[in-house]
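Residues per chain are reported as follows:
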Amino acid sequence: AQKVTQAQTEISVVEKEDVTLDCVYETRDTTYYLFWYKQPPSGELVFLIRRNSFDEQNEISGRYSWNFQKSTSSFNFTITASQVVDSAVYFCALSEASGAQKLVFGQGTRLTINP
Amino acid sequence: DTGVSQDPRHKITKRGQNVTFRCDPISEHNRLYWYRQTLGQGPEFLTYFQNEAQLEKSRLLSDRFSAERPKGSFSTLEIQRTEQGDSAMYLCASSLGLDLFTDTQYFGPGTRLTVL
């Protein structure tokens, strides 16, 4: 069975600090997909990134970067120079490569950026 | 592009009543998913449609739950004889479903159900 663990329930930092959100996953599949979603107070899940298991290149998008390490089954998310607008709950998710490709989510990390 | 829309956004009902939620996916998206999210938890998969065919249902989806996507466009999720444990946010997502290597689910704003 697939499982995603986000050990950090809540993180609080001061604006402009860098912050890393951890994600560890379990799967028996050799091909799978990993995702990060952001859920602001409004409640809608906003897609941030998708990573295929056969692509271990790290990715940077503006202040956001993702570190995928297959050897440790981790897919961590770093926000550089955090801003108050980054405050939200962040979810890491895993899906199978075939069939429904349903998402298995972690329990989320609530990130609070204080001014 | 118009995103995924859900209606209503909030629903308060009494235990034992039936409720129905609607989801309108992104235009031309073939796949439609329903998830349930309880407070402080990540969303959990309920069911999925490829066009009008319901291809997978979670064990979370008891006999009181039924979902349809009659013409492969919008979908409805009905809960019969609601229980307090049904209180949750019900999220709908859609994806193009053409290239599984790049397929991504986009979520609607959700319907928050409160059962009194």
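What you see is a predicted model, and the numbers here were worked out from it, not measured in a lab.

## Quick word on the pattern of salt bridges
Okay, so step 1: The full count for this structure, using the stated rule, is 8 salt bridges over all chains.
Okay, so step 2: We note a salt bridge from R64 of chain B to D86 of chain B, for which the minimum N-O separation is 2.8 Å. Of this pair, R64 of chain B sits in the loop between β6 (53–57) and β7 (65–68) while D86 of chain B sits in the loop between β8 (75–79) and β9 (88–95), and the two are 22 residues apart along the sequence. In this structure, R64 of chain B and D86 of chain B share a single accessibility class: buried.
Okay, so step 3: It is possible to trace a salt-bridge network through shared partners that takes in R51, D55 and E59 of chain A.

## Brief notes about the layout of surface pockets
Okay, so step 1: Taken as a whole, the largest pocket holds about 530 Å³ of empty space.
Okay, so step 2: Elements supplying a minimum of two residues to the lining of the largest pocket: β10 (88–96) and β12 (109–114) of chain A.
Okay, so step 3: Per element, the largest residue contribution to the lining of the largest pocket is 4 residues, and it comes from β12 of chain A.
Okay, so step 4: Considering only enclosed or pocket space, the second largest pocket measures out at about 240 Å³ in volume.
Okay, so step 5: Lining the second largest pocket are 13 residues, with L103 and V104 of chain A together with P43, E44 and F45 of chain B sitting closest to its centre.
Okay, so step 6: Only β11 (103–105) of chain A together with β5 (44–50) of chain B provide two or more residues apiece to the lining of the second largest pocket.
Okay, so step 7: Counting residues per element, the lining of the second largest pocket draws most heavily on β11 of chain A, which supplies 3 residues.
Okay, so step 8: Among the residues forming the lining of the second largest pocket, the class breakdown is 6 nonpolar, 5 polar and 2 charged.

## Quick notes on the nonpolar core
All names here are of chain A.
Okay, so step 1: Within the largest apolar cluster, 23 residues are counted, with the highest numbers of intra-cluster contacts made by W36, F75, F77 and Y90.
Okay, so step 2: The element that contributes the greatest number of residues to this core is β10, accounting for 4 residues.
Okay, so step 3: Setting aside chain neighbours within four positions, we find Y90 in contact with Q6, L21, W36, Y37, K38, L48, Y64, F77, I79, G108, T109 and L111.

## What about the sheet that holds β7 of chain B?
All names here are of chain B.
Okay, so step 1: Spatially, the 4 strands line up as an open sheet ordered β1-β3-β8-β7, and their pairing is antiparallel. Each end of this open sheet is capped by a strand with a single partner; those strands are β1 (5–7) and β7. In this sheet, adjacent strand axes meet at a mean angle of 15 degrees when their direction is disregarded.
Okay, so step 2: Note: strand β3 (residues 19–24) against β8, 5 bridges, orientation antiparallel. Bridge pairing links F21 to L77 in β8.

## Topic: unusual backbone geometry
All names here are of chain B.
Okay, so step 1: A cis amide bond links D7 with the next residue in sequence, P8, at an omega value of -5 degrees.
Okay, so step 2: Of note in this structure, E28 is not a glycine but carries a positive phi near 75 degrees.
Okay, so step 3: Its location among the elements puts E28 in the loop between β3 and β4 (31–37).
Okay, so step 4: Overall, the relative accessible area of 67% leaves E28 in the exposed class.
Okay, so step 5: One non-glycine residue with positive phi stands out, namely R81, at about 50 degrees.

## Here's the deal with the interface of chain B and chain A
Okay, so step 1: Tallying the contact residues gives 23 residues for chain B and 22 residues for chain A.
Okay, so step 2: Summed over both partners, the interface of chain B with chain A comes to about 1,800 Å²; 51% of that surface belongs to carbon and sulfur atoms.
Okay, so step 3: The largest contributions to the chain B side of the interface with chain A come from L100, F101 and F107 of chain B, which together make up 28% of the buried area.
Okay, so step 4: Here chain B is connected to chain A by 1 salt bridge.
Okay, so step 5: Notably, a salt bridge pairs K102 of chain A with E56 of chain B, separated by 2.6 Å at the nearest N-O pair.

Rules used in this analysis
Residues numbered from 1 in each chain as written. Chains lettered and ligands numbered in written order. Predicted model: local features only at pLDDT ≥ 70, side-chain atom pairs only at ≥ 80, totals over all residues. Heavy atoms only, no water. Salt bridge = Lys/Arg side-chain N within 4 Å of Asp/Glu carboxyl O. Helix = DSSP H or I, 4+ residues; strand = E, 2+ residues; numbered from the N terminus. Buried < 20%, exposed > 50% of the residue type's maximum accessible area, 1.4 Å probe, protein only. 1 Å grid on protein atoms, 1.4 Å probe; cavity = no way out; pocket = protein on both sides within 12 Å on 5 of 7 lines; lining within 4 Å. Points joined across faces, edges and corners; volume = space filled by probe spheres on them. Nonpolar A, V, L, I, M, F, W, Y, C, P; charged D, E, K, R; others polar. Core = buried A, V, L, I, M, F, W, Y, C linked by side-chain atoms within 4.5 Å. Contact = heavy atoms within 4.5 Å. Pairing = 2+ DSSP bridges. Axes fitted to C-alpha atoms, helices over the stretch in contact; angles between N-to-C directions. Buried area = accessible area lost by both parts, 1.4 Å probe.

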